[in-house]
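Structure at a glance
The chain contents come next:
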Amino acid sequence: SGGVTARMVGAFLRSSPENVPWHRVVGAGGKYSVGKIDPALAVLQKTRLSEEGVSFKRNGDVDMVVSQYEAP
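Residues numbered from 1 in each chain as written. Predicted model: local features only at pLDDT ≥ 70, side-chain atom pairs only at ≥ 80, totals over all residues. Heavy atoms only, no water.

A short note on the nonpolar core
In plain terms, the rule: The criterion is simple. A nonpolar core is a set of buried Ala, Val, Leu, Ile, Met, Phe, Trp, Tyr and Cys residues joined through side-chain atoms within 4.5 Å. Accessibility here uses a 1.4 Å probe with only protein chains present; expressed as a share of the type maximum, an area under 20% marks a residue as buried, one over 50% as exposed, and anything in between as partly exposed. Residue contacts follow a heavy-atom distance rule, with two residues in contact if any of their heavy atoms lie within 4.5 Å.
Counting six residues, the largest nonpolar core consists of Y32, V34, A42, L49, V54 and V62. When residues no more than four places from it in sequence are discounted, the contact partners of L49 are H23, R24, V26, Y32, V54, F56 and V62.

And the structure:
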């Protein structure tokens, strides 16, 4: 093991400065995991992603095939 887990990312984001782009972190398959904490945050997250040009599926999830970051 030794890899980064979803809990580790969540803990970092909760304690990170406000200028960290938390809205770019989505769960597996493009789900808004932050919605479990507060549904209003999921709406804000989708709004911010939309403003950045992220593509969405018909069900509202992020289209990971089109929008997933590819490391150089």
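Some thoughts on the layout of surface pockets
To be explicit about the condition: Definitions used for this entry: grid spacing 1 Å over protein atoms alone; cavity, a set of points where a 1.4 Å probe fits but cannot get out; pocket, an open set with protein on both sides within 12 Å along at least 5 of 7 lines; lining residue, one with an atom within 4 Å of a point. Grid points are joined across faces, edges and corners, and a volume is the space filled by probe spheres set on the points. Strands are runs of DSSP state E lasting at least 2 residues, helices are runs of H or I lasting at least 4, and numbering of each runs from the N terminus. When residues are sorted by character, Ala, Val, Leu, Ile, Met, Phe, Trp, Tyr, Cys and Pro go into the nonpolar class, Asp, Glu, Lys and Arg into the charged class, and all the rest, Gly among them, into the polar class.
Space inside the largest pocket adds up to approximately 530 Å³. Forming the boundary of the largest pocket are 19 residues, of which G10, L13, R14, V34 and I37 lie nearest the centre. At the level of secondary structure, the elements contributing two or more residues to the lining of the largest pocket comprise α1 (6-15) and α2 (39-51). With six residues, the top contributor of residues to the lining of the largest pocket is α1. Its residues assigned to classes, the lining of the largest pocket shows eleven nonpolar, five polar and three charged.

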